[in-house]
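For reference, the chains in residue letters:
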Amino acid sequence: MALAPLQDPARLAAIDATQLVDTPPEECFDRYTRLAQNVLGVEMAIVSLVLDERQFYKSSVGLPESLASERGSPISVSLCRIVVETRSPLIIHDGLNDPSYFDHAAITDLNIQSYLGVPMFDESGHILGTLCVANQTPKVWHDSDVETLTTLSSAVCNEIKLRKSEHEQRITLQSARSERQLLVHILDASIAAITLLDTDGKIVFCNEAAEQVLGLTPSTIEGRLYNDPEWKSTDVDGGPFAEEQYPFIRVLRTGKSVHDIRHGIEWPDGTRRVISVSGAPLRDESGEISQLVFLVADITEQHAASQILTRAAEQFSKAFCLSPSFVVLCRHSDRAIVEVSEGFMNSLQLQREQCLQQRLDHLPAGFSTKSLDTLFSVDQTHAQSDKLDLRLQATDERLRLVEVRSQVIEVGSEKFLLIAGQDLTDQRAEKQHRASLERQLSEAQKAEFAGQLAGGLAHDFNNILTGVHGHAGLARLSAKGNAELLSYVREIEHSAERASELCQQMLDYSGHNRHEPVSYTHLTLPTKRIV
């Protein structure tokens with residue numbers, strides 16, 4: 001349900017915005033009540049602001065003393081309340097004889113017999129109150145009276161609007177002054193030099209920090225041009241600085257902001273500094289550039305430190321690229337290669353241009369998805385993965401065995417993965433070759449020992465055979481004429497000869513009877529059992 005007009009918060013707020021309630025009388029309003037009194041020939045005229053519980057007389061003329069001194073009345077005795085509720089003029093010719101109002105408190109208590117009131121509206125259509133006239137005697141109101149009072153009411157409304165506008169302007173001006181004072185305090189407290197230039201390049205404002213950056217006091221800085229000879233501008237390395245590179249020129253020509261334009265300046269005393277300048281255009285209501293504001297920071301120390309870091313980074317990059325180890329640096333986000341070492345390229349027989357910006361799994365080396373997932377699973381800076389053996393294929397189709405670890409490196413807000421290790425292919429091959437040689441040496445040592453053993457046995461066995469041969473010869477002499485015994489002796493002599501041949505082979509194998517050793521593989525053992 002809609003609120004009654006008297007209690008409408010928007011209407012009451014509109015009255016409050018006029019800043020007129022409970023204020024002293026003012027001539028600009030009093031002249032309208034006097035004019036209404038004189039033109040309409042009435043006893044009383046009032047400019048009334050109607051609130052929810054009372055009405056306030058901003059201006060009045062001809063009122064009884066009690067009303068005049070109180071400058072208002074309760075809403076219960078207000079005829080203006082009816083004007084507010086109906087939003088239209090109220091006309092009472094003879095109150096005592098008007099059946100609609102004869103018992104109204106204004107008629108009975110204040111003795112108002114005739115009344116004419118017209119509404120006053122603000123620019124938003126909210127009804128503020130009335131401009132009204134009244135008599136303690138009956139009066140016939142004509143249409144011309146209503147029109148006249150309505151015209152005067154419009155004039156009063158314009159006066160209220162003007163007063164409201166003046167008040168808002170005062171508030172705005174006070175706020176602007178306060179904001180400007182606050183801004184000046186903030187600017188002076190800033191550690192960065194802030195300068196304001198006009199479109200001719202003249203400095204019209206600077207804060208106290210400008211003295212530290214530009215080498216002059218603010219009083220001597222203001223009024224100078226952006227390219228004043230007092231500041232000899234150079235590039236960051238001390239070389240020439242082109243006119244079109246000045247931040248002022250760039251902002252003025254493009255109408256756009258610039259950020260972190262770096263160049264050098266020399267103070268009047270010869271001190272050289274490196275500064276960073278950021279600036280933006282300030283535009284008027286028509287959109288044209290009226291002024292330019294710049295933030296100037298002294299970055300001399302930072303620039304020097306940056307140069308040191310840059311040189312260190314260049315040296316590190318050279319060392320990285322020339323490293324004989326197997327090293328590759330990738331972006332963590334897409335696994336694209338950022339840099340590779342000589343060892344990486346030599347191991348896989350790749351050129352640098354074949355590697356850079358390529359994904360590891362797109363290289364012909366055959367990095368498996370499983371192995372890469374393991375390497376990229378490291379998610380903490382300075383933490384290292386476990387050692388991982390990779391079997392990769394170089395472009396010459398040779399298989400390479402590489403042992404690597406991975407570690408996350410953060411540079412600014414970006415993460416990289418460093419994969420480092422060594423190619424163990426040649427090392428493993430050399431180890432296998434060494435093991436093979438050791439096995440061959442062991443076999444040779446075994447063969448030499450066997451030869452020495454065989455030679456010793458052959459000598460000892462020869463000594464025995466010498467006795468066998470001798471006694472067999474004696475037995476043969478003794479067995480003459482005994483055929484059966486001679487056959488036994490000849491068999492003994494034949495077996496002894498075969499045994500001697502076997503001893504000779506053993507001596508040949510052991511090298512005792514030859515200058516060149518004989519391979520033991522040529523050794524033939526008797527297959528016929530000696531009886």
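What counts, and at which threshold
Residues numbered from 1 in each chain as written. Predicted model: local features only at pLDDT ≥ 70, side-chain atom pairs only at ≥ 80, totals over all residues. Heavy atoms only, no water. Axes fitted to C-alpha atoms, helices over the stretch in contact; angles between N-to-C directions. Helix = DSSP H or I, 4+ residues; strand = E, 2+ residues; numbered from the N terminus. Parallel < 35°, antiparallel > 145°, perpendicular 65-115°, else oblique. Left-handed = near helix turned anticlockwise from the far one by under 90°. Nonpolar A, V, L, I, M, F, W, Y, C, P; charged D, E, K, R; others polar. Buried < 20%, exposed > 50% of the residue type's maximum accessible area, 1.4 Å probe, protein only. Contact = heavy atoms within 4.5 Å. Core = buried A, V, L, I, M, F, W, Y, C linked by side-chain atoms within 4.5 Å. Pairing = 2+ DSSP bridges. Polar contact = N/O pair within 3.5 Å; in protein donor to acceptor, adjacent residues only side chain to side chain. 1 Å grid on protein atoms, 1.4 Å probe; cavity = no way out; pocket = protein on both sides within 12 Å on 5 of 7 lines; lining within 4 Å. Points joined across faces, edges and corners; volume = space filled by probe spheres on them.

A. Layout of the packing of helix α14 (residues 425-478) against helix α15 (residues 483-510). Close contact between α14 and α15 brings their axes to 8 Å; oriented N to C, the two are set at 160 degrees. One way to sum up the angle between α14 and α15 is to call them roughly antiparallel. Considering only the axes of α14 and α15, their crossing is left-handed. Taken together, the residues that form the contact of α14 with α15 break down as 19 nonpolar, eight polar and three charged.

B. Quick peek at the side chain of asparagine 135. For asparagine 135, the position within the fold is in strand β6 (residues 127-135). Under the relative-accessibility criterion, asparagine 135 is labelled buried at 4%. In contact with asparagine 135, not counting residues within four places along its chain, are Val42, Glu43, Met44, Asn111, Ile112, Gln113, Ser114 and Trp141.

C. Summary view of the nonpolar core. By size, the foremost hydrophobic cluster in this structure holds 28 residues, and its most contacted members are Met120, Leu131, Val133, Leu149, Val156 and Ile160. Among the secondary structure elements, those contributing two or more residues to this core are α1 (9-17), α2 (27-40), β1 (44-50), β2 (54-61), β5 (114-121), β6 and α6 (143-189). Counting residues per element, this core draws most heavily on α6, which supplies six residues. With residues near it in sequence (within four places) discarded, leucine 131 still touches Ile46, Val47, Leu116, Gly117, Val118, Met120, Leu149, Leu152, Ser153 and Val156. Counting residues in hydrophobic clusters, the runner-up holds 26 residues, among them Leu197, Ile261, Val277 and Phe294.

D. Just the sheet that holds strand β12 (residues 289-298), in detail. The strand order across the open sheet formed by six strands is β8-β7-β12-β11-β10-β9, and the pairing between neighbours is antiparallel. The open sheet is flanked by β8 (203-206) and β9 (232-234), the only strands paired with a single partner. On average, each strand axis in the sheet is tilted by 35 degrees relative to the strand beside it, whichever way the strands run. Of the strands in this sheet, β7 (193-198), β10 (258-266), β11 (272-283) and β12 touch helix α9 (residues 247-254), which is tilted by about 145 degrees from β12.

E. Up close: the side chain of serine 78. Following the sequence through the fold, serine 78 ends up in the loop between β3 (72-74) and α4 (80-86). A polar side-chain atom of serine 78 sits 3.1 Å from the main-chain amide nitrogen of cysteine 80. A polar side-chain atom of serine 78 sits 3.1 Å from the main-chain amide nitrogen of arginine 81. Setting aside residues no more than four positions away along its own chain, serine 78 makes contact with Gln55 and His104.

F. Layout of the sheet that holds strand β4 (residues 90-92). The six strands are arranged β3-β2-β1-β6-β5-β4 in an open sheet whose pairing can be described as antiparallel. Strands with a single pairing partner mark the edges of an open sheet, and in this sheet they are β3 and β4. Taken over all neighbouring pairs, the strand axes of this sheet differ in orientation by 20 degrees on average, direction set aside. Judged from the six bridges that link them, β1 and β2 form a sheet pairing that is antiparallel.

G. Spatial organisation of empty space enclosed by the protein. Counted according to the given criterion, the structure contains four cavities of 30 Å³ or more. By volume, the largest cavity is sized at about 270 Å³. The set of elements that each furnish at least two residues to the lining of the largest cavity consists of β7, α9, β10, β11 and β12. Split into classes, the residues belonging to the lining of the largest cavity amount to 13 nonpolar, three polar and no charged. Considering only enclosed or pocket space, the second largest cavity measures out at about 160 Å³ in volume. Lining of the second largest cavity is provided by 17 residues; of these, Ile46, Gln55, Tyr57, Leu110 and Ile112 occupy positions nearest its centre.

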